Every structure is written in C-alpha cells, then in structure tokens.
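Residue-level listing of the chains:
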Amino acid sequence: GQSIKGTDNHPIVVLSGGGLGWKRIDQLTTLDKVAVPVFAPKNEIDTGKYAGPLEAKMLGAMISEGWITTQNRIGVTNQDIDLVQPVKDFFNSQNLGLNASINYRESDKTYNFCIASKDYYPIFVDKYNYKGKAKEKIVPSIVFCQDNQYKSTFLRYLFEGDGCVYLQEGKRPPVIFYSTYSPQLAKDIQLLLLSLGVFCYINNSQRKNGGTEYKIT
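Residues numbered from 1 in each chain as written. Predicted model: local features only at pLDDT ≥ 70, side-chain atom pairs only at ≥ 80, totals over all residues. Heavy atoms only, no water.

### A look at the pairing of strand β8 (residues 175-180)
Note: strand β7 (residues 163-166) against β8, 4 bridges, orientation antiparallel. By the bridge assignment, Val165 is partnered in β8 with Ile176. Bridging between β8 and strand β10 (residues 212-216) involves 3 bridges; their strand directions are antiparallel. Across the sheet, residue Thr180 finds its bridge partner in β10, namely Tyr214. (Pairing = 2+ DSSP bridges. Helix = DSSP H or I, 4+ residues; strand = E, 2+ residues; numbered from the N terminus.)

### Considering helix α1 (residues 53-65)
Between its first and last C-alpha, α1 extends 18 Å over 13 residues, near the 18 Å set by a 1.5 Å rise per residue. Burial analysis of α1 places 10 of its 13 residues in the buried class, which makes it a mostly covered element. (Expected span 1.5 Å × (residues − 1). Buried < 20%, exposed > 50% of the residue type's maximum accessible area, 1.4 Å probe, protein only.)

### Re the environment of Gln149
With respect to the element layout, Gln149 can be found in helix α5 (residues 148-162). The exposure class of Gln149 is exposed, given its relative accessible area of 57%. In this structure, the C-alpha to C-alpha distance between Gln149 and Gly52, residues 97 residues apart in sequence, is 9.3 Å.

### Things to note about the packing of aromatic side chains
Two aromatic rings are characterised by how far apart their centres lie and by the angle between their planes. Using the criterion set out here, one finds 9 aromatic pairs in the structure. When the centroid spacing of 5.6 Å and the interplanar angle of 75 degrees are considered together, the rings of Phe90 and Phe91 count as edge-to-face. Here the two residues Phe90 and Phe91 agree in accessibility, since each one is buried. Ring geometry for Phe159 and Tyr178: centres 5.2 Å apart, planes at 55 degrees, overall tilted. Highlighted residues: Phe159 in helix α5 and Tyr178 in strand β8, separated in sequence by 19 residues. In this structure, Phe159 and Tyr178 share a single accessibility class: buried. Three or more aromatic residues joined by ring pairs make a cluster, and in this case those are Phe90, Phe91, Phe113, Tyr120, Phe124, Tyr128 and Tyr130. Sitting above the plane of the Phe177 ring, Lys215 keeps its charged end 4.5 Å from the centroid. (Phe/Tyr/Trp six-rings, centres within 6.5 Å; stacked < 30°, edge-to-face > 60°. Lys NZ or Arg CZ within 6 Å of the ring centre and 35° of its normal.)

### Some words on the environment of Ile81
Position of Ile81 relative to the elements: it lies in helix α2 (residues 81-92). Through-space distance from the C-alpha of Ile81 to that of Ser64 is 14 Å; in sequence the pair is 17 residues apart. Among all residues touching Ile81, those that are not within four sequence positions of it are Ile102 and Tyr111. (Contact = heavy atoms within 4.5 Å.)

### As for the nonpolar core
Grouped together as the largest cluster of nonpolar side chains are 42 residues, with contacts concentrated most on Ile74, Phe91, Phe124, Phe154 and Ile189. Ignoring sequence-local partners within four residues, the contact set of Phe91 consists of Ile74, Leu96, Phe113, Ile115, Tyr120 and Phe124. (Core = buried A, V, L, I, M, F, W, Y, C linked by side-chain atoms within 4.5 Å.)

### Looking at the packing of α1 against α5
Relative to each other, α1 and α5 sit at 30 degrees, their axes nearing to 7 Å. One finds that α1 runs roughly parallel with respect to α5. Judged by the sense of rotation from one axis to the other, the crossing of α1 with α5 is right-handed. Facing α1, whose interface residues are Pro53, Glu55, Ala56, Lys57, Leu59, Gly60, Ala61, Ile63, Ser64 and Glu65, α5 presents Tyr150, Thr153, Phe154, Tyr157, Leu158, Gly161 and Asp162. Here the residues of the contact of α1 with α5 sort into 9 nonpolar, 4 polar and 4 charged. (Axes fitted to C-alpha atoms, helices over the stretch in contact; angles between N-to-C directions. Parallel < 35°, antiparallel > 145°, perpendicular 65-115°, else oblique. Left-handed = near helix turned anticlockwise from the far one by under 90°. Nonpolar A, V, L, I, M, F, W, Y, C, P; charged D, E, K, R; others polar.)

### Quick look at the sheet that holds strand β5 (residues 103-105)
Where strands meet in a sheet, backbone hydrogen bonds hold them as pairs that are either parallel or antiparallel. Across the sheet, which stays open at both edges, the 4 strands sit in the order β3-β4-β6-β5 with antiparallel pairing between neighbours. On the outer flanks of this sheet lie β3 (66-68) and β5, each paired with one strand and no other. On average, each strand axis in the sheet is inclined to that of its neighbour by 25 degrees, with strand direction left out of account. Across 6 bridges, the pairing between strand β4 (residues 73-78) and strand β6 (residues 110-116) is antiparallel. Its bridge partner lying in β6, Thr77 is registered against Asn112.

### Focus on the sheet that holds β10
Pairing in this open sheet of 4 strands is antiparallel, and the strands run β7-β8-β10-β9 from one edge to the other. Each edge of the open sheet carries a strand with a single partner, namely β7 and β9 (202-206). Strand-to-strand, the axes of this sheet are offset by a mean angle of 30 degrees, without reference to chain direction. Taken strand by strand, helix α6 (residues 183-195) contacts β8, β9 and β10, and its axis lies near 5 degrees from that of β10.

Everything listed is a geometric property; what it means functionally is a separate question.
Right, dumping it as structure tokens:
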C-alpha cells in the first residue's frame, strides 16, 4: 500500500541486524523492511482553538458524505441521522445566524442538512481545504495536528460513512476497510491510522464506470 520514489543513490532507513540502518534505494529487495513515519508532520497552520470533538465528528461526516456547490451551499445527506446530526450541531454552533434544520426525504429515506452562506462558504472551504469532488477529497491538515482522541473521533465518523466491516467465515478475524475514489484521501487515512499505531495497506481496482477505487484495509 506504500511506495518509495527517489534517485538510485538515495538512502532509506531499514531494519538491519535488530536495529536501524541505511540502504540505497537501488539496493533494496523485497525482503527489506523499510521504516515508515509514525507521525504526520505538522503543517504550518493555525492550530489554535477548535471545536474539539464536535468539529472532529463534523469533518469525518463531511469528508465521507458531505458536499458543496457553486451556489455557496454546504451540506450532507445520508440515511443515518447520527451522521447528519453532528454537521448540523457544528454549523449551528458557529453563530452564523442561520439556525438550519435537518430535513427528511421519504422518497429515498435520507436525512439532509444544508446551509447557504456566501460569507461562511469561502471560510469553510479554505480552513478545511475541503474538496467537492470525490476524486479530490483529502484529510484536512488540522486533523493531523490534533490529539489521538480527536483523530479517533474523526476516523469513527469517516468510516461510519464509507467504511465497512467484512465478517469472514470460521474463526478468522473480521476485516475493516474504507473505500474512496481519491488516491490522496487513501494515503492520508493510511498515515492517520499509522499515527495511532494501526497498520493497513491500500489496493486499487477499476470500476465499471471507468474510475479507480482505492481500498484501505
């Protein structure tokens, strides 16, 4: 699920003789165990006061099931109200003067929450680097700068939207995976999980619609 790019003579840290050592890229073999970072480097951003758990829930839900439009609309749609409610609570806590509510659509049995604000829209998109297209979604930079509780809460709501648990036959343990069309989101999730001590891998497959699906397992 990970790859290395560099010049032939670039040194890489590998496990060697019970410790760590250096090895050139052109000397690596399939038997080498390469060291990977456990932390995502903190970006040079404002890590001041945020909304804590509520913000983490909102971001997880928005990355998995949220959307934005060119008409300054920000919203989320899902059949699970528990995934929509935190988004509503977060935006209503921002003192936007909108006090928007959740609507239920009987035709497809979904809950929908949406706000429209030409003033807050650019603030939201810029602060969280939010992408509207599925192929471009990423984990917002601020998530990597938070404590483990924040990261865990974010991942919980992210997986609630596009995650899945596969129960295997017999005594084999269940498999947890997350699917996305964004290669960067897949890499971000892998790095975020690694910062929590969870190891996973990424594979991809071609879909009938021509797109590439990335699965973090």
